[in-house]
Each structure stands twice: as C-alpha cells, then as structure tokens.
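Residue-level structure breakdown
Each chain is listed here by its residues.
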Amino acid sequence: MAIREIVKEPDEILHKKARPVEKFDEKLSELLDDMLETLYKNDGVGLAAPQIGILRRICVIDIGEGPIELINPEIIKQSGIQTETEGCLSCPGVWGTTERPRKVKVRAFDRNGELKEYKGVDLLARAFCHEIDHLDGILFTDHVIELHRED
Ligand code: CO
C-alpha cells in the first residue's frame, strides 16, 4: 500500500470526466487500498480517483462508520434538501455552503465486481454527492452558495 499525492486546484484533471472501470483485477484492489490509506492520512471523509490523478470512476468514503468503496457509482434516487458547509482535500483552506439532497440511494460495484446499493442520509448523502460529482469533473466550488477562504 502507498499514500498517493493529492491533486489540488487549479489542476485541470479535476475538471475532466472520468471513464468507467472495466477490469476488476488486483490492480483495482491495490488502487482502492491506496485511496483509503490516502483518505485516512489526510483526515478526509471521501476521495475520488481524479484527486490522485486517475481518471476512472472510483471513490472511497468513510464518515467514521467504516469504508465504503464505490466503482462506477450512480445516484438512483434522491430526496429532500440539506444546506451545509463542505470542503475538499483538493481545495485546501476553502469551505463553502452547498445545497444537496438530504437522502440519496447509490448503486455501485464493489472491488469484486458485485453490484451493491447504499443509502445515505445527511453527511453520508452529502459525501456520496460530492465524490460522485468529482467523477464528472465537478467540484463543490462549482455550485457553492457562499464561499469562505482561510488566509
Ligand atoms: Co472533494
């Protein structure tokens, strides 16, 4: 396992659309392990592959309830609205208020190529939306209501 370097704004890779994963092999498992290690090292809640320079549809999330790995994820249902502050490991020193659905249901493959479903409410719903946005080259700063910077 290895800790990967996090790509920061204004790197253009953060604004590109990632391609789906096609091979569920040992290399994918190693990448997921590295992503989780990098997430924990940086005290993050979520990390998407483009944030370590890999344009594939992969993200990892841990809101303190154990790791969730999402491969080729899709939001299949959403409801409600939450307005909260969020940040991003690729945008150090920047926080912003965003509007997100309060509840989301996500369908994604795990590292073994099995299709799974996850339900997220509040923080987890926000993390799902934030990380899946990264796979389409969208950062939270793209739809922030109010931005805060730390000098
Ligand atoms: Co982010």
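See above for the structure.
About the criteria used
Residues numbered from 1 in each chain as written. Predicted model: local features only at pLDDT ≥ 70, side-chain atom pairs only at ≥ 80, totals over all residues. Heavy atoms only, no water. Disulfide = S-S within 2.5 Å. Buried < 20%, exposed > 50% of the residue type's maximum accessible area, 1.4 Å probe, protein only. Donors = N, O, S within 2.8 Å, 3.2 Å for Na, K, Ca; no water. Helix = DSSP H or I, 4+ residues; strand = E, 2+ residues; numbered from the N terminus. Pairing = 2+ DSSP bridges. Axes fitted to C-alpha atoms, helices over the stretch in contact; angles between N-to-C directions. Contact = heavy atoms within 4.5 Å. Salt bridge = Lys/Arg side-chain N within 4 Å of Asp/Glu carboxyl O.

1. Observations concerning the state of the cysteines
All told, the structure shown has 0 disulfides when counted by the stated rule. A disulfide-free cysteine, Cys 59 has its sulfur positioned 11 Å from the sulfur of Cys 129, the nearest such atom. Take Cys 59: its relative accessible area is 0%, and that puts it in the buried class. Of the cysteine sulfurs around Cys 91, a residue in no disulfide, the closest is that of Cys 88, at 4.3 Å.

2. Some words on the coordination of the cobalt ion
Coordination sphere of the cobalt ion, protein contribution only: Cys 88 (SG), His 130 (NE2) and His 134 (NE2), at 2.1 to 2.3 Å. Expressed as a motif, the donor residue spacing for the cobalt ion is C-x41-H-x3-H. Of this pair, Cys 88 sits in the loop between strand S4 (82-87) and strand S5 (94-100) while His 134 sits in helix H2 (residues 123-134), and the two are 46 residues apart along the sequence. No difference in accessibility class separates Cys 88 from His 134, as the two residues are buried.

3. So, the sheet that holds strand S2 (residues 58-61)
If you walk across this open sheet you meet the 5 strands as S1-S2-S3-S6-S7, and the pairing is antiparallel. The sheet terminates laterally at strand S1 (46-48) and strand S7 (115-121), the two strands that pair on one side only. The sheet shows a mean angle of 35° between the axes of neighbouring strands, taken without regard to direction. Pairing geometry for strand S3 (residues 68-79) and strand S6 (residues 103-109), over 6 bridges, is antiparallel. Residue pairing across strands places Ser 79 opposite Lys 103, the latter belonging to S6. Across the sheet, helix H1 (residues 26-41) touches S1, S2 and S3, and the angle it forms with S2 is around 40°. Along the sheet, H2 contacts S1, S2, S3, S6 and S7; its crossing angle with S7, the most-contacted strand, is approximately 125°.

4. Quick look at the environment of Ile 61
Position of Ile 61 among the secondary structure elements: in strand S2. Given a relative accessible area of 0%, Ile 61 falls into the buried group. For the pair Ile 61 and Glu 131, spaced 70 residues apart in sequence, the C-alpha to C-alpha distance is 8.1 Å.

5. Description of the pattern of salt bridges
Counting across every chain of the model gives 12 salt bridges. For Arg 111, the salt bridge goes to Asp 33, with nearest N and O atoms at 2.9 Å. Here Arg 111 is found in the loop between S6 and S7, whereas its partner Asp 33 is found in helix H1, with 78 residues between them in sequence. Two residues, Asp 122 and Arg 102, come together in a salt bridge whose shortest N-O distance is 2.8 Å. Highlighted residues: Asp 122 in the loop between S7 and H2 and Arg 102 in the loop between S5 and S6, separated in sequence by 20 residues. By relative accessible area, which is 33% here, Arg 102 ends up partly exposed. What emerges from the salt-bridge pattern is a single network uniting Lys 17, Arg 57 and Asp 136.

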